[in-house]
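Observations on the three-dimensional arrangement
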Amino acid sequence: MSALATKQSLLLLLSSLLLLIGVSTGSFYDNFDITWGNGRANIFESGQLLTCTLDKISGSGFQSKKEYLFGKIDMKMKLVAGNSAGTVTAYYLSSKGETWDEIDFEFLGNVTGQPYVLHTNVFTGGKGNREMQFYLWFDPTADFHTYTVLWNPLNIIFLVDGIPIRVFKNNEAHGVAYPKSQPMKIYSSLWEADDWATQGGRVKTDWNNAPFSAFYRSFNDVDCCSRTSVWNWVTCNANSNSWMWTTLNPNQVGQMKWVQDDYMIYNYCTDYKRFPQGLPTECNLG
């Protein structure tokens, strides 16, 4: 065999190995445990697709095997199609205990033809009340879209298809608590909450449309600090020029302004009736 042929064979082998690595990256078998639903959540396509299902008896859900203390975490999701009123597809990070921290994406279903509401929140020390809600600029039931949490010591950035929609900054210097010491697992579930989820609970779930299903692909936690056991230290793959110190650049600030100007439907920082004694401190810090 010539040297050229040998080189070509090695390149072909390397390409095949990289392809296999790419296919296995983000396997739901490797990264998650289905935790409830009695068979209503399932993994398909050699670990590349996960589905959660809701019927009148039960919803379903799963959680990560690892805990995270900072990271850039992506999940592609396709939400319940058709009349999804009364359903909630939750995707969030959370720690445990009475003073838990939490970073929330929740997708509130609606009647056919009406938009989903994307509900976001940040809990620190067991206290939330930092809701921001958005419509989306696309149909989240027609295809998969990427929902990202970028959480580092400086800020928490919520992104949709790479576009920032919200930032919660570390304002500890001004007395605002920030999640930085409690490792969190990833959780997701599909469940019924028709007492509040759709139009304030006025629209109920139509069980004639059940079962309802949400779909997940392409999980990515390559950039993160994580551990697989409470007995282990959290280890990171970060460096000084990485996601660990990322904040919004000027272009991203403009993108977020577009989203908040055109698609935000609720912002706790402008709800003066809810906070008659004054808005939360972070709302006045910019």
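The notes below deal with the structure included here. (Residues numbered from 1 in each chain as written. Predicted model: local features only at pLDDT ≥ 70, side-chain atom pairs only at ≥ 80, totals over all residues. Heavy atoms only, no water.)

As a further point, take the state of the cysteines. Scanning the model with the defined rule gives two disulfides in all. The disulfide partner of C225 is C236, and the S-S distance across this bridge is 2.0 Å. Around the S-S axis, the bridge from C225 to C236 shows a dihedral of about 115° and counts as right-handed. Pair noted here: C225 is in strand β14 (residues 212-227) and C236 is in strand β15 (residues 235-236), with a separation of eleven residues, a long-range link. (Disulfide = S-S within 2.5 Å. Helix = DSSP H or I, 4+ residues; strand = E, 2+ residues; numbered from the N terminus.)

This part covers the sheet that holds strand β8 (residues 117-123). In spatial order, the strands read β1-β4-β13-β6-β7-β8-β9-β16; together these eight strands make up an open sheet with antiparallel pairing. Of all strands in the sheet, those bounded by a partner on one side alone are β1 (32-36) and β16 (264-267). For this sheet, the mean inter-axis angle between neighbouring strands, taken without regard to orientation, is 15°. Bridge count between strand β6 (residues 87-94) and strand β13 (residues 185-192): eight bridges; the pairing is antiparallel. Bridging from a neighbouring strand, T87 pairs with E192 of β13. (Pairing = 2+ DSSP bridges. Axes fitted to C-alpha atoms, helices over the stretch in contact; angles between N-to-C directions.)

Further remarks concern the environment of Q133. Mapped onto the elements, Q133 comes out in strand β9 (residues 132-134). Sequence separation between Q133 and I165 is 32 residues, and the spatial gap between their C-alpha atoms is 9.8 Å. Polar contacts involving the side chain of Q133 include one to the side chain of H119, which spans 2.9 Å. (Polar contact = N/O pair within 3.5 Å; in protein donor to acceptor, adjacent residues only side chain to side chain.)

A few words now on the pairing of strand β5 (residues 67-78). In terms of burial, β5 is largely enclosed, as nine of its twelve residues are buried. Bridge count between β5 and β14: eight bridges; the pairing is antiparallel. Opposite D74, over in β14, you have N220 as the bridge partner. As paired elements, β5 and strand β10 (residues 145-151) share seven bridges and run antiparallel to each other. Within the sheet, the bridge partner assigned to K72 lies in β10 and is L150. (Buried < 20%, exposed > 50% of the residue type's maximum accessible area, 1.4 Å probe, protein only.)

What follows covers the nonpolar core. In this structure, M75, F105, W151, I156 and Y216 are the most contacted members of the largest nonpolar core, which totals 57 residues. Excluding residues within four positions of it along the chain, I156 makes contact with I103, V122, V149, L150, W151, R166, V167, F168, Y178 and P179. Counting six residues, the second-largest nonpolar core is a separate cluster that includes L150, I157, V167 and L248. (Core = buried A, V, L, I, M, F, W, Y, C linked by side-chain atoms within 4.5 Å. Contact = heavy atoms within 4.5 Å.)

Enumeration over the complete set of coordinates arrives at ten salt bridges. Between K66 and D221 there is a salt bridge whose closest N-O contact spans 2.9 Å. Here the residue K66 occupies a position in the loop between β4 (60-64) and β5, and D221 occupies one in strand β14, the gap between them amounting to 155 residues. D221 gets classed as buried once you look at its relative accessible area, which sits at 11%. (Salt bridge = Lys/Arg side-chain N within 4 Å of Asp/Glu carboxyl O.)

This structure, assessed with the given rule, holds 18 aromatic pairs. Note on Y92 and Y187: the rings are 5.4 Å apart at their centroids and 20° apart in plane angle, and the pair reads as stacked. You can see Y92 sitting in strand β6 and its partner Y187 sitting in strand β13, a full 95 residues away along the chain. Residue classification places Y187 among the buried residues on the basis of a relative accessible area of 11%. (Phe/Tyr/Trp six-rings, centres within 6.5 Å; stacked < 30°, edge-to-face > 60°.)

Quick look at helix α3 (residues 250-262) now. Taking 1.5 Å as the rise per residue, α3 with 13 residues should run 18 Å; its terminal C-alpha atoms sit 18 Å apart, in good agreement. As for α3, its buried residues are in contact with β9, β12 (163-169) and β16. Residue N249 occupies the N-cap position of α3, its side-chain oxygen lying 3.1 Å from the main-chain nitrogen of N251. (Expected span 1.5 Å × (residues − 1).)

Moving on, we come to the side chain of D104. Mapped onto the fold, D104 is located in strand β7 (residues 102-108). Contact partners of D104, with chain neighbours within four places excluded, come to Y91, Y92, H119, T120, N121, F123 and F158.

Okay, the environment of L159 next. By secondary structure assignment, the location of L159 is in strand β11 (residues 155-160). When the C-alpha positions of L159 and V149 are compared, they lie 6.5 Å apart, and in sequence the two are ten residues distant. Residue contacts for L159: discarding those within four places in its chain leaves F105, T146, Y147, T148, L150 and P164.

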